[in-house]
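Reading the structure
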Amino acid sequence: MRKPIIAGNWKMNKTPSEAKELVTALIPLVRDAACDVVVCTPAVDFAAVKEVIDGTNIKLGAENMHWKESGAYTGELSAAMLKECGVEYVILGHSERRQYFGETDATVNLRTLAAVAAGLTPIICVGEKKEEREAGYTDALVTYQTLTALTGLTAEQVAKVVIAYEPVWAIGTGLTATDEQANETIGVIRSAIRSVYGDAADEVRIQYGGSMNPKNVKGLMAQPEIDGGLIGGASLKAEDFSKVVLYDR
Ligand code: PGA
């Protein structure tokens, strides 16, 4: 049995004082969650968030990291820096990083290897654009993105990563994949993992992401392949995010 995991992706939102306010409101609302609860925040918010979530069931995540240990990489953050701030999860290969910041499957792989080596749990994002789905490339694309990202990990390591299937056309658009579409593509991703890593595929948690909200979360989470969600817009308000986290109530 895979334990569901619901993670917020705050993107470029919330100053440290706003972050503190949001998590302070969130803590009592999600205290009894049956799933793992993570907030992935801008790095400038880590200290403010960590201070208030310590001792609660909310874990801290980052939105990206570099693969080198240190060096002349202006503006970047290393795994060790994240770890020391109390970060446990890190989003890698988000479609916005791919679209606006030149992220490639090769660099997602480097980041994944570095995150796992440092003891961070990567949340690796894969997903097709609208035209790719229409052209019938979805399965091939998510298979390629997933297996490239994982290259070089052992089956034991693969079992512990989190994958987020996020159809690009559903992110921030209000359009959601249907429950069945999301389930089917996540099933494709799991089969791809099985073809290389065997039974580790049964342990990997695969989230859905893309306009997931309090209204549609129940239907999505009822699907057998879907193990959680990566939540953008709906993670910015404590009330909304808590309703997603408590989808089973
Ligand atoms: P959204 O974003 O929930 O606002 O669509 C999801 C994401 O980009 O991770």
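For the structure given in this document, a descriptive report is provided here. (Residues numbered from 1 in each chain as written. Predicted model: local features only at pLDDT ≥ 70, side-chain atom pairs only at ≥ 80, totals over all residues. Heavy atoms only, no water.)

1. Details of the site of the ligand
Spelled out, the test is: A molecule or strand has a residue near it when one of that residue's heavy atoms lies within 4 Å. Here a polar contact means two N or O atoms within 3.5 Å. Within protein one must be a hydrogen donor candidate and the other an acceptor candidate, and residues neighboring in sequence count only if both atoms are side-chain atoms. Only the protein chains shown count as covering a residue, and every accessible area follows the Shrake-Rupley method with a 1.4 Å probe. Gly falls in the polar group here, along with every residue not listed as nonpolar (Ala, Val, Leu, Ile, Met, Phe, Trp, Tyr, Cys, Pro) or charged (Asp, Glu, Lys, Arg).
Neighbouring the ligand are 13 residues, the closest being K11, H94, E166, G172 and S211. Here G232 contributes a backbone N or O atom positioned 2.9 Å from an oxygen atom of the ligand. Coverage of the ligand by the protein chains reaches 95% of its 280 Å² of free accessible surface. In the shell around the ligand, the residues fall into 4 nonpolar, 7 polar and 2 charged.

2. Considerations on the sheet that holds strand β3 (residues 58–62)
In plain terms, the rule: A strand pair is defined by DSSP finding two or more bridges across the two strands. Numbered from the N terminus, helices here are DSSP runs of H or I no shorter than four residues, and strands are runs of E no shorter than two. Axis angles are defined between N-to-C directions and span 0 to 180 degrees, where every axis is a line fitted to C-alpha atoms and, for a helix, only to the segment in contact.
The strand order around the closed barrel built from 8 strands is β1-β2-β3-β4-β5-β6-β7-β8, with neighbouring strands paired in parallel fashion. Averaged over neighbouring strand pairs, the angle between their axes works out to 25 degrees when direction is ignored. Direction of pairing for strand β1 (residues 5–9) relative to strand β2 (residues 36–40): parallel, over a ladder of 5 bridges. Residue pairing across strands places I5 opposite D36, the latter belonging to β2.

3. Description of the side chain of E132
Quick note on the threshold: Exposed residues in this analysis have more than 50% of their type's maximum accessible area, buried residues have under 20%, and partly exposed residues fall in between, with area computed by a 1.4 Å probe over protein chains only. In summary, the charge assignment counts Lys and Arg as positive and Asp and Glu as negative, without counting His or the chain termini. Salt-bridge detection follows one rule: a side-chain nitrogen of Lys or Arg within 4 Å of a carboxyl oxygen of Asp or Glu. Only heavy atoms matter for contacts: two residues are in contact if any of them lie within 4.5 Å across the pair.
Positionally, E132 belongs in helix α6 (residues 130–134). Lacking a salt bridge, the buried E132 has K129 as its closest oppositely charged neighbour, with an N-O distance of 4.1 Å. Ignoring any residue separated from it by four or fewer positions in sequence, one finds E132 in contact with Y137, T138 and L141.

4. A look at unusual backbone geometry
When glycine is set aside, most residues are seen to have a negative phi, and most peptide bonds are trans. At K11, a residue that is not glycine, the phi angle is positive and equals roughly 55 degrees. With respect to the element layout, K11 can be found in the loop between β1 and α1 (16–30). Even without a glycine there, the phi angle at S211 is positive, about 55 degrees. Looking at where S211 falls in the secondary structure, it is placed in the loop between β7 (205–209) and α10 (217–221).

5. Overview of the packing of helix α5 (residues 105–117) against helix α7 (residues 138–150)
Operational definition: Working rule for angles: under 35 degrees goes down as roughly parallel, over 145 as roughly antiparallel, 65 to 115 as roughly perpendicular, anything else as oblique. It is the rotation of the near helix from the far one that decides the hand of a crossing: anticlockwise by less than a right angle makes it left-handed, clockwise makes it right-handed.
Remark: α5 packs on α7, axes separated minimally by 7 Å, with the N-to-C direction vectors making an angle of 40 degrees. Comparing their axes, α7 and α5 come out oblique. Both α5 and α7 take part in a crossing whose hand is right-handed. Residues D105, V108, N109 and T112 of α5 lie in contact with α7, whose contacting residues are Y144, Q145, T148, A149 and L150. In the contact of α5 with α7, the residues fall into 4 nonpolar, 4 polar and 1 charged.

6. Things to note about the state of the cysteines
Test applied: By definition, disulfides here are pairs of cysteine sulfur atoms that lie within 2.5 Å.
Enumeration over the complete set of coordinates arrives at 0 disulfides. Free cysteine: C40, not disulfide-bonded; nearest cysteine sulfur from C125 at 8.9 Å. Taking relative accessible area as the criterion, C40 reaches 0% and is therefore assigned buried.

7. Quick notes on the side chain of D45
Within the secondary structure, D45 is located in the loop between β2 and α2 (46–53). Buried within the structure, D45 lacks any salt-bridge partner; its nearest side chain of opposite charge belongs to K14, at an N-O separation of 8.8 Å. If we ignore the near neighbours within four places in the chain, the residues touching D45 are W10, N13, K14, T15, P16 and A19.

8. Regarding the pattern of salt bridges
Summed over the entire model, instances satisfying the criterion amount to 14 salt bridges. Salt-bridge contacts for D202 lead to R194; the nearest nitrogen and oxygen are separated by 3.0 Å. Of the charged contacts, one joins R249 and D248 as a salt bridge, the two residues approaching to 3.5 Å between their closest N and O atoms. When its relative accessible area of 54% is taken as the criterion, R249 is described as exposed. On the basis of relative accessibility, which here comes to 40%, the residue D248 falls in the partly exposed class. When salt bridges with common partners are traced through the structure, they connect R2, R190, E225 and D227 into a single cluster.

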